[in-house]
Amino acid sequence: MGNIFSVNLSCDATASRFLGSIFRRAAYVGKLEINVRHLKTSLEELKCSQNDVKRKVAVAEQQPHMKQLDQVQNWISRVDSLEARVREAVDSSSQQTESLCCRGYCSKNYMSSYKYGGKVAKLLVEVADLKSKGLFPEVAEKLPEPSISERPLEPTVGLDSMLDKVWSHVEDVEVGVIGLYGMGALLTQIHNKFQHTDFDLAIWIVVSKDIRAEAIQNRIGEQIGLRDRICDLKYPRVLSRKKFVLFLDDLWERVDITIIGVPFPHQHNKCKVVFTTRSEDVCGIMSAQQKILVECLPWDKAWSLFQEKTGKDALQIHADIPKLAEAVAAVWRFASCTNHNEHSHPEEARDEGYHIIGTLLNACMLEEGKEGYVKMHDVVRDMALWLACDPKKADDSFLVHTGADLIEAPIARKWKNSKRVSLMANHIKELVETPDSPYLLTLFLRRNHLQKIATGFFNSMSNLLVLDLSSNMDLNQLPVGVSSLVSLHHLNLSNTGIRELLTELKCLERLEYLNFENTPNLYSLPPTLISSLRMLKVLRMVHSGPDSEDQNHFDDEKAMVKELHGLKHLDYLTLDIRSTSCFQNFISCKLLTCCTRLLYLLGYDNHSSSLDISSMGKKHLEQLNIRGYPNLEDVVLDIDWAGGLAGNNLRNSIMRIHNCFWFKKKWLYEVSGFGPKIFVSFLNTTCENRPII
């Protein structure tokens with residue numbers, strides 16, 4: 001019984017499959033016209049979806065480092081392939097529908113119609129399947145940043161053949177070190193070509209003059225991810241696993257890359273070192289396997305490029321183009337302060353300096369830096385130095401190592417013939433030698449880590465005019481040999497740790513500029529020191545000494561006024577006044593109030609509710625700070641004073657009021673049509689009402 005039952009089931013299933021096949025075949029023919037119409041409509045919908053996806057891809061790939069997903073590309077390709085097959089099937093539909101009979105349920109050529117109907121049905125399924133798979137949440141992905149990023153570059157003119165020549169040596173596996181010497185520039189172009197190679201890493205270091213190996217090492221470390229204190233053992237371990245290219249821009253002397261931990265390039269590691277220098281000799285001492293002279297553009301191409309960049313209109317307006325060279329030389333003259341004596345007022349020198357700097361910025365000879373600073377490219381700086389020197393003889397009158405990461409000053413013999421020395425922004429802690437510098441005129445030592453200056457350091461600098469020691473907070477005393485600077489005009493000790501000004505400074509009888517602002521450790525001044533400097537035009541001493549209400553550099557208030565009053569040439573004064581009586585003595589002297597530019601009033605001993613500053617100078621005061629008047633309610637100021645302060649100087653002026661808890665009024669004065677203002681700010685001060693005048 002069991003076997004008979006099983007046979008019956010098998011027969012039923014076979015019959016069912018047979019009947020299903022018959023019905024499907026009949027449907028292929030009976031629904032042929034409907035399916036063809038549906039196929040046309042579905043294909044149109046699929047193409048619309050494909051166009052939408054393509055638009056999304058185009059938008060996404062406009063973003064940096066975005067690339068179309070592979071599955072999206074595959075889907076688009078499948079749609080194109082399916083479209084061709086559907087078009088082919090639709091094109092033959094008229095022949096098949098004409099053979100239909102019996103109201104479309106049968107065909108004169110049944111087998112042909114059946115095969116065609118089956119093909120259409122399958123195409124409908126494929127179209128529906130592709131439509132369902134075209135709903136992509138994302139059509140593109142963000143690629144990882146390239147290992148070698150592109151450096152900004154302007155198009156080159158006339159250097160293509162030279163670039164090809166250099167690149168042929170780069171591709172030579174037997175060449176590891178390539179030296180480019182001369183005045184041309186190709187390094188950036190070479191760097192950017194490495195983007196399209198299998199190199200893992202490009203390291204770019206601007207070397208310049210007198211840079212220390214440790215500084216190069218630290219800069220390389222930052223670029224390869226070693227940001228802590230670098231040890232020699234880390235470099236080979238990191239770089240030995242990389243195929244790298246090291247660019248050294250502006251070499252002046254040999255740099256032993258193995259000492260700083262960079263593996264030497266050879267044909268096994270396939271790494272490269274490419275450097276630029278202005279001397280062919282450096283190529284030799286760097287063991288360059290290929291040294292290539294990169295020349296400047298020929299005159300005709302250089303002139304064409306200059307006209308293209310400048311524009312003919314500008315050339316016609318500024319016919320005397322060589323004056324730009326004079327402007328470059330002028331910035332050095334300004335920087336060294338040699339034109340200091342040509343002006344009767346400090347504002348004139350300052351305004352001329354701003355004018356020169358503005359001219360050079362507009363001419364792209366200077367670049368804007370951070371925090372209001374400007375910077376000069378090495379090439380432009382060297383050209384300025386060359387213009388300032390005597391071209392008829394070897395001239396070593398300029399000794400410039402600014403921002404070179406020096407930890408020691410140049411040896412004494414290099415100072416012998418120098419007229420200008422700039423060692424700013426280094427890491428020099430001590431000046432231990434005594435250089436013989438009889439011709440030295442300017443010496444810039446600001447922004448170092450100076451702690452000690454040898455006693456006799458200044459002994460042979462009797463012609464020195466300008467000395468800048470500012471921004472050395474570890475420097476707490478001057479050597480007594482400072483008395484040798486009998487020609488000095490300009491002395492800047494601001495932002496230092498100086499504890500006292502030596503009596504020997506009285507020997508500086510020609511001093512016109514003295515700045516010891518922001519010297520918190522300065523406790524006292526020798527009696528009559530300031531009054532002995534009779535040629536002073538600029539005296540800046542605000543925020544000198546501890547911030548204490550009982551601290552005064554002078555014996556008493558009258559002594560201060562007397563000493564300052566004796567400075568007949570004084571034109572620019574900044575100072576703190578720490579007592580009421582001192583302020584009263586001060587404002588009684590018209591000469592002092594008229595030359596005061598910044599005044600800081602500390603009124604801890606003043607319990608009055610009103611402060612009268614209407615008698616202050618009307619034209620020159622740029623900033624007034626009032627602090628610590630506990631009961632102050634009103635400040636009496638003359639509107640003419642305010643107008644003079646803002647309008648005559650055409651500069652913004654500031655009044656700040658600190659820790660005056662009962663202050664009632666706040667003013668904001670603006671000169672109509674000009675723009676400069678008096679800005680009144682309040683810190684830890686209660687203001688009951690604030691009328692605007």
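Residues numbered from 1 in each chain as written. Predicted model: local features only at pLDDT ≥ 70, side-chain atom pairs only at ≥ 80, totals over all residues. Heavy atoms only, no water.

Q: In this structure, what is going on with the confidence of the model for the chain? I would like to understand it.
A: Mean pLDDT over the chain: 76, with 67% of residues reaching 70 or higher. Under a pLDDT of 50 for its full length, residues 325-333 has, in the predicted model, 20 contacts with residues more than four places off or in other chains. Considering only residues more than four positions removed or in separate chains, one finds that residues 335-343, a stretch of pLDDT under 50, has 19 contacts. (pLDDT = per-residue confidence, 0-100. Contact = heavy atoms within 4.5 Å.)

Q: Hey, could you run me through the packing of aromatic side chains in this one?
A: What characterises a pair of aromatic rings is the spacing of the ring centres plus the angle enclosed by the ring planes. Scanning the entire structure with this criterion turns up seven aromatic pairs. With 5.8 Å between their ring centres and 80° between their planes, F194 and F247 make a pair best called edge-to-face. Of this pair, F194 sits in the loop between α7 (187-193) and β6 (201-206) while F247 sits in strand β7 (residues 244-251), placing them 53 residues apart in sequence. In terms of burial, F194 and F247 fall into one category: buried. With a centroid separation of 5.6 Å and 35° between ring planes, the pair formed by W204 and F247 is classed as tilted. In this pair, W204 sits in strand β6 while F247 sits in strand β7, placing the two residues 43 residues apart along the sequence. Each member of the pair, W204 together with F247, is buried. Put simply, the rings of W167, F194, F199, W204 and F247 touch in pairs and so form one group of aromatic residues. The ring of W167 is capped by K193, whose NZ or CZ atom sits 5.0 Å from the centre of that ring. When the ring centre of F199 is taken as reference, the NZ or CZ atom of K243 above it lies at 4.6 Å. (Phe/Tyr/Trp six-rings, centres within 6.5 Å; stacked < 30°, edge-to-face > 60°. Helix = DSSP H or I, 4+ residues; strand = E, 2+ residues; numbered from the N terminus. Buried < 20%, exposed > 50% of the residue type's maximum accessible area, 1.4 Å probe, protein only. Lys NZ or Arg CZ within 6 Å of the ring centre and 35° of its normal.)

Q: How should the sheet that holds strand β8 (residues 272-277) be read in this particular structure?
A: Strand pairing in a sheet takes place through backbone hydrogen bonds and is either antiparallel or parallel in direction. The five strands are arranged β6-β7-β8-β5-β9 in an open sheet whose pairing can be described as parallel. Of all strands in the sheet, those with a lone pairing partner are β6 and β9 (290-293), marking the two edges. The mean inter-strand angle of the sheet, taken between neighbouring strand axes irrespective of direction, is 15°. Looking at chain direction, strand β5 (residues 177-181) and β9 are connected through four bridges and run parallel. Each residue of the ladder has a partner; that of I178, found in β9, is Q290. (Pairing = 2+ DSSP bridges. Axes fitted to C-alpha atoms, helices over the stretch in contact; angles between N-to-C directions.)

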